[in-house]
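# A look at the structure
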Amino acid sequence: MKVIKYRKFVVLGRFFLALGFVVVGILLFFAALYSDDGIPRRVFYFFSFLMSFFIFGRVFLLMHYLLFKSPVMFSYDADKIIVKNIEINRKNIAKVELLGEVPTGFLGLKSYGFALKCKDKKTVYIPSYHVLTKKEEAEIFDTLQQYVSNHKMI
């Protein structure tokens, strides 16, 4: 059985990057409350704090979750592919797509990912969780396409 994983080192780097933005957001919140600056600048600090938490706070929580989660995206062998404990028969997969918005199932975040379109009109999503480079995404997509297209030769 072959296993496709993401790298924990990339998750750790993005975790600390998001943590930095969250800390800056907290500092902006305190600057908005206790600063002697004028009202327009304090309003700017407050809106910057909100943007920091709504954007980078969710990414920070996602990366924190991914640090402790198993790094396996999917695994496959000659007969089936396993995605999130769902087994899909290789011959049941009709098409593989590379999508721009795949739900991660975490705080409403969406990331790039892959969609396995089955012949029974079911779609199984494989999110990349923002931890794959474009090169890695292309390699995984090519692997999935070869995997689906090779079942016709067996």
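Before reading on, note that the structure itself is shown above.
Model, not experiment: these values are computed from the prediction.

## Focus: helix 3 (residues 134-150)
Between its first and last C-alpha, helix 3 extends 24 Å over 17 residues, near the 24 Å set by a 1.5 Å rise per residue. Every buried residue of helix 3 is listed here: E136, E137, I140, F141, L144, Y147 and V148. Along helix 3, the residues classed as buried sweep out an arc of 135 degrees about the axis, all on the same side. In this structure, helix 3 carries K134, K135 and Q146 as exposed residues pointing more than 90 degrees from its buried face. Close packing links the buried residues of helix 3 with strand 1 (2-5), strand 2 (72-76), strand 3 (80-83), strand 5 (93-103), strand 6 (110-118) and strand 7 (123-127).

## Topic: the packing of aromatic side chains
If you walk through the whole model with that rule in mind, you get 13 aromatic pairs. Where Y6 meets Y129, the ring centres are 6.4 Å apart and the plane angle is 65 degrees; that geometry is what we call edge-to-face. Linking Y6 in the loop between strand 1 and helix 1 (8-34) with Y129 in the loop between strand 7 and helix 3, this pair joins segments that are 123 residues apart in sequence. When sorted by exposure, Y6 lands in the same class as Y129, which is buried. Through a chain of ring-to-ring contacts, the aromatic side chains of F29, F30, Y34, F46, F47, F49 and F53 assemble into a single cluster. Taking NZ or CZ as reference, R90 lies 4.4 Å from the ring centre of Y147, over its face.

## What about unusual backbone geometry?
The phi angle at N85 is positive, at roughly 65 degrees, despite the residue not being glycine. As for its placement among the helices and strands, N85 is situated in the loop between strand 3 and strand 4 (86-89). Of note, the phi angle at H130 is positive, near 60 degrees, even though the residue is not glycine. Considering the arrangement of structural elements, one finds H130 in the loop between strand 7 and helix 3. We classify H130 as partly exposed; its relative accessible area is 32%.

## Concerning helix 2 (residues 39-68)
Its 30 residues give helix 2 an end-to-end C-alpha distance of 42 Å, which sits within 8% of 44 Å, the value for a rise of 1.5 Å per residue. F56 marks the point of greatest bend in helix 2, at about 35 degrees. Every buried residue of helix 2 is accounted for by Y45, S48, F49, S52, G57, F60, L62, M63 and L66. Where the residues of helix 2 are buried, they touch helix 1.

## Here we look at the environment of V72
Looking at the element boundaries, V72 is found in strand 2. Residue V72 is classed as partly exposed on the basis of its relative accessible area of 32%. Along the chain, V72 and F106 lie 34 residues apart, while their C-alpha atoms are 17 Å from each other. Discounting chain neighbours no more than four positions away, the residues touching V72 are V3, I4 and K5.

Criteria and thresholds
- Residues numbered from 1 in each chain as written.
- Predicted model: local features only at pLDDT ≥ 70, side-chain atom pairs only at ≥ 80, totals over all residues.
- Heavy atoms only, no water.
- Helix = DSSP H or I, 4+ residues; strand = E, 2+ residues; numbered from the N terminus.
- Expected span 1.5 Å × (residues − 1).
- Buried < 20%, exposed > 50% of the residue type's maximum accessible area, 1.4 Å probe, protein only.
- Arc of directions from axis to C-beta.
- Contact = heavy atoms within 4.5 Å.
- Phe/Tyr/Trp six-rings, centres within 6.5 Å; stacked < 30°, edge-to-face > 60°.
- Lys NZ or Arg CZ within 6 Å of the ring centre and 35° of its normal.
- Bend = angle between axes of the 7 residues up to and from the residue.

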